[in-house]
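The residues making up each chain are set out below.
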Amino acid sequence: MSLEIFAGPKTQNLRTPSVIFRELERRFGRGCFHIDVAADAENALCPHYFSAERSALDPNHRWSLEDALLRPGEAGWRLVSSISAFGNPPFGNVHPFVTRAVAARDRYEVEVAVLLVPARVDKSWWHFARKHGRIHEIEGRVAYIDPETNKPLESPFEASAVLVFDQPLRWV
């Protein structure tokens, strides 16, 4: 007899549920996110996005409207004084997105970077995020959207959290 244990998603491109994204927009401002840093043309939640092919992790790409791809059918943003980024990175590759979000914030590429991640308190990136930003744990488990069926997962597999890396207040 074989015992198969499900230890997480079989795919790395689970979609963000609209209820989660709407809550983040409520908190940070409707339409405030300009760039989705971990997406593709089908699941990008922002007008501009980075994909696996044009990676937000590439050191040659700034988290800017000029370097990001434009979602099909979008006019895009023209004049924006500050950029806000959102990302639901692949759960098997969270660490580089966390370090890149902090770097983008520190280099003033973005005013705020928000990442939806698994709540893995035993990982080094979790402690790095706690040191350099804020962590908002989500009560209950997020039913991510299966990209093949476009339906929520029946059994959410682990807790999730929202990481926020924003600019500090500047006192004159």
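Above: the structure in question.
What counts, and at which threshold
- Residues numbered from 1 in each chain as written.
- Predicted model: local features only at pLDDT ≥ 70, side-chain atom pairs only at ≥ 80, totals over all residues.
- Heavy atoms only, no water.
- Salt bridge = Lys/Arg side-chain N within 4 Å of Asp/Glu carboxyl O.
- Helix = DSSP H or I, 4+ residues; strand = E, 2+ residues; numbered from the N terminus.
- Phe/Tyr/Trp six-rings, centres within 6.5 Å; stacked < 30°, edge-to-face > 60°.
- Buried < 20%, exposed > 50% of the residue type's maximum accessible area, 1.4 Å probe, protein only.
- Lys NZ or Arg CZ within 6 Å of the ring centre and 35° of its normal.

Participant: What exactly am I supposed to notice about the pattern of salt bridges here?
Facilitator: The final tally for this structure, using the stated rule, is 7 salt bridges. Notably, a salt bridge pairs Glu109 with Arg107, separated by 3.0 Å at the nearest N-O pair. Among the ionic pairs, Arg120 bridges to Glu158, the shortest N-O distance being 2.8 Å. Of the two residues, Arg120 sits in the loop between β5 (112–118) and α3 (124–132) while Glu158 sits in the loop between β6 (134–141) and β7 (159–166), which places them 38 residues apart along the sequence. The network of salt bridges with shared partners includes Arg62, Arg100, Arg107 and Glu109.

Participant: Teacher, can you tell me more about the packing of aromatic side chains here?
Facilitator: Two numbers describe a pair of aromatic rings. These are the distance of the centres and the angle of the planes. Tallying each qualifying case throughout the model produces 6 aromatic pairs. For the pair Phe91 and Tyr144, a centre-to-centre distance of 5.3 Å together with 90 degrees between the ring planes defines the contact as edge-to-face. Placement of the pair is Phe91 in the loop between β4 (84–87) and α2 (94–106) and Tyr144 in the loop between β6 and β7, with a sequence separation of 53 residues. For the pair shown, Phe91 and Tyr144 are each scored as buried. Here the aromatic cluster, defined as three or more aromatic residues joined through ring pairs, consists of Phe21, Phe28, Phe33 and Phe86. It is Arg27 that lies over the ring of Phe28; its NZ or CZ is 4.7 Å from the centre.

Purely geometric stuff here, so don't read any function into it on its own.
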